[in-house]
Amino acid sequence: MTTYWQETDSKQFFPNQSRSYQIYIANETFGERPFQSFFASAESRLIKSALETIRIAPNQEVADEARRFLFRLQETVSSLQQLNFDLSFIQPIRAFISEDNTVLLEWIFRNYRIGFSIEENANESGWYLVSKRELGEISASGYLNPNIKNTLLWLINFVVSHS
Amino acid sequence: MLYPEGCLRGLSVIDHVLEDGSVSTAAFNFSEVTRGDGWKELSINWDDDENSKETLLNQRKENGEFQFKVGYAVVPRSELDHLIHQPTVNGTLSYERSPLENNKYHGNILLKGTLTKPTIRKLQAGLALIVSRVVQRP
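Draft legend 1. Region of the structure containing the overall build of chain A. A count of helices and strands for chain A gives 4 helices and 7 strands. Starting at the N terminus and ending at the C terminus, chain A contains elements arranged as β-β-α-α-α-β-β-β-β-β-α. In chain A, which comprises 163 residues, the proportion classed as buried is 44%. Counting only contacts in chain A whose residues sit at least 6 apart along the sequence, the fraction spanning at least 24 positions is 46%. Summing over all exposed atoms, chain A offers an accessible surface of approximately 8,900 Å²; the carbon and sulfur share of this is 49%.

Draft legend 2. Up close: the pattern of salt bridges. Inspection of the entire model under this criterion finds 18 salt bridges over all chains. Asp100(A) serves as the salt-bridge partner of Arg121(B), at 2.9 Å between the closest nitrogen and oxygen. One end of the pair, Arg121(B), is in helix H3 (residues 117–129); the other, Asp100(A), is in the loop between strand E3 (94–97) and strand E4 (103–108), on a second chain. Both residues of the pair, Arg121(B) and Asp100(A), belong to the buried class. The salt bridge partner of Arg110(A) is Glu134(A), with a shortest N-O separation of 3.5 Å. Taken together, the residues Arg110(A) in the loop between E4 and strand E5 (112–118) and Glu134(A) in the loop between strand E6 (126–131) and strand E7 (139–143) connect sequence positions 24 residues apart. In this structure, a network of salt bridges that share partners links the residues Asp100(A), Glu119(A), Glu124(A), Lys117(B) and Arg121(B).

Draft legend 3. A look at the sheet that holds strand E3 (residues 71–76) of chain B. Residues and elements named next belong to chain B. Reading across from one edge, E4-E5-E2-E1-E3-E6 is the order of the 6 strands in this open sheet, with antiparallel pairing throughout. Edge positions in the open sheet fall to strand E4 (93–97) and strand E6 (133–136), since each of these has one partner strand only. On average, each strand axis in the sheet is tilted by 35 degrees relative to the strand beside it, whichever way the strands run. Those strands touched by helix H1 (residues 50–58) are strand E1 (6–11), strand E2 (39–46), E3 and E6, and its axis lies near 140 degrees from that of E3. Against the sheet, helix H2 (residues 77–84) engages E1, E2, E3, E4 and strand E5 (106–112), with an angle of about 140 degrees to E4.

Draft legend 4. Looking closely at unusual backbone geometry. Phi is positive for Asn84(A), close to 70 degrees, though the residue is something other than glycine. Despite not being glycine, Glu137(A) has its phi angle at roughly 50 degrees, a positive value.

Draft legend 5. Spatial organisation of the environment of Phe85(A). Residue and element names in this part refer to chain A. The topology assignment puts Phe85 in the loop between helix H3 (60–82) and E3. Its relative accessible area of 47% is what places Phe85 among the partly exposed residues. For the pair formed by Phe85 and Val160, sequence separation is 75 residues and the distance between their alpha carbons is 9.7 Å.

Draft legend 6. Highlighting the interface of chain B and chain A. Of the residues lining the interface, 26 residues belong to chain B; the matching set on chain A comes to 32 residues. Buried surface at the junction of chain B and chain A, summed over both partners, amounts to about 2,300 Å²; 52% is from carbon and sulfur atoms. Broken down residue by residue, the surface that chain B buries against chain A is led by Pro118(B), Arg121(B) and Leu129(B), which jointly contribute 29%. Our count for the contact surface shared by chain B and chain A stands at 6 salt bridges. Ionic pairing is found between Glu79(B) and Arg133(A), a salt bridge with its closest N-O pair at 2.9 Å. If you look at where chain B meets chain A, you find 15 residue pairs in polar contact (both at pLDDT 80 or more). Only H2 and H3 of chain B provide two or more residues apiece to the side of chain B that touches chain A. Looking at the side of chain B that touches chain A, the element that brings in the most residues is H3(B), giving 9 residues. Split into classes, the residues belonging to the side of chain B that touches chain A amount to 7 nonpolar, 12 polar and 7 charged.

Each value, and the rule that gives it
Residues numbered from 1 in each chain as written. Chains lettered and ligands numbered in written order. Predicted model: local features only at pLDDT ≥ 70, side-chain atom pairs only at ≥ 80, totals over all residues. Heavy atoms only, no water. Helix = DSSP H or I, 4+ residues; strand = E, 2+ residues; numbered from the N terminus. Buried < 20%, exposed > 50% of the residue type's maximum accessible area, 1.4 Å probe, protein only. Contact = heavy atoms within 4.5 Å. Areas by Shrake-Rupley, 256 points an atom, 1.4 Å probe, with all protein chains shown as cover. Salt bridge = Lys/Arg side-chain N within 4 Å of Asp/Glu carboxyl O. Pairing = 2+ DSSP bridges. Axes fitted to C-alpha atoms, helices over the stretch in contact; angles between N-to-C directions. Buried area = accessible area lost by both parts, 1.4 Å probe. Polar contact = N/O pair within 3.5 Å; in protein donor to acceptor, adjacent residues only side chain to side chain. Nonpolar A, V, L, I, M, F, W, Y, C, P; charged D, E, K, R; others polar.

What follows is the structure in structure tokens.
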């Protein structure tokens, strides 16, 4: 049985194991990875439902890619939480499987939606943000390239700003 | 060509409909095939009269099952026109009537076949975003 401590401010749970903060030299710059293993539980509320959905995806290579992307998203959100941004209210991202075996990961809101499409041809995978008139009719999209981090931060910031 | 106030997109996957009545972008997948005139199709029914909904719901596959087991999403034409005329969309999205022998209401939302996948997904999302309501089969 594992005992869990709750760190109240961030509302994050982490196991009371032999590892502790003290073993790390705290470089509190953005993106310090050692801390993320504490804050990013394997299947957090943010991505848990999506991970469950993609288990039944017919193309497991696409599912694996989607899984990797979800953990990256989780990691990005966790890194922001370390900087004391309260992101606990962000709604979980959903996963949908298209007829063409694409895995679509979506945040669906009344007046906008943000999505990430994980395609069978990985070079065609992308992201999008569309919004209604009241949010400026944004219509943006792009590929999921290795430098997606800044785009991810922008999209997460959009969710935070309009939730 | 005259068009009614809205069109209906049949839904066949229950997981594509959310608890709050919104619908996933995945429900607006365009055909992979590009026609000779350069368009890809997304099948719809034009909501010309009361029978259009019944006709859509009664469509069956070759094995006898309902084509649209879940129901349909309603897309207002005014919103569709607005989307089509956005600067970022201009000329890449359209619609048509395409009556079938057993479905005079049938039509297509059309998408230019030359678009990149992220752009296609973005336009699919734009369509899903303007859905005014989802009607589930009783």
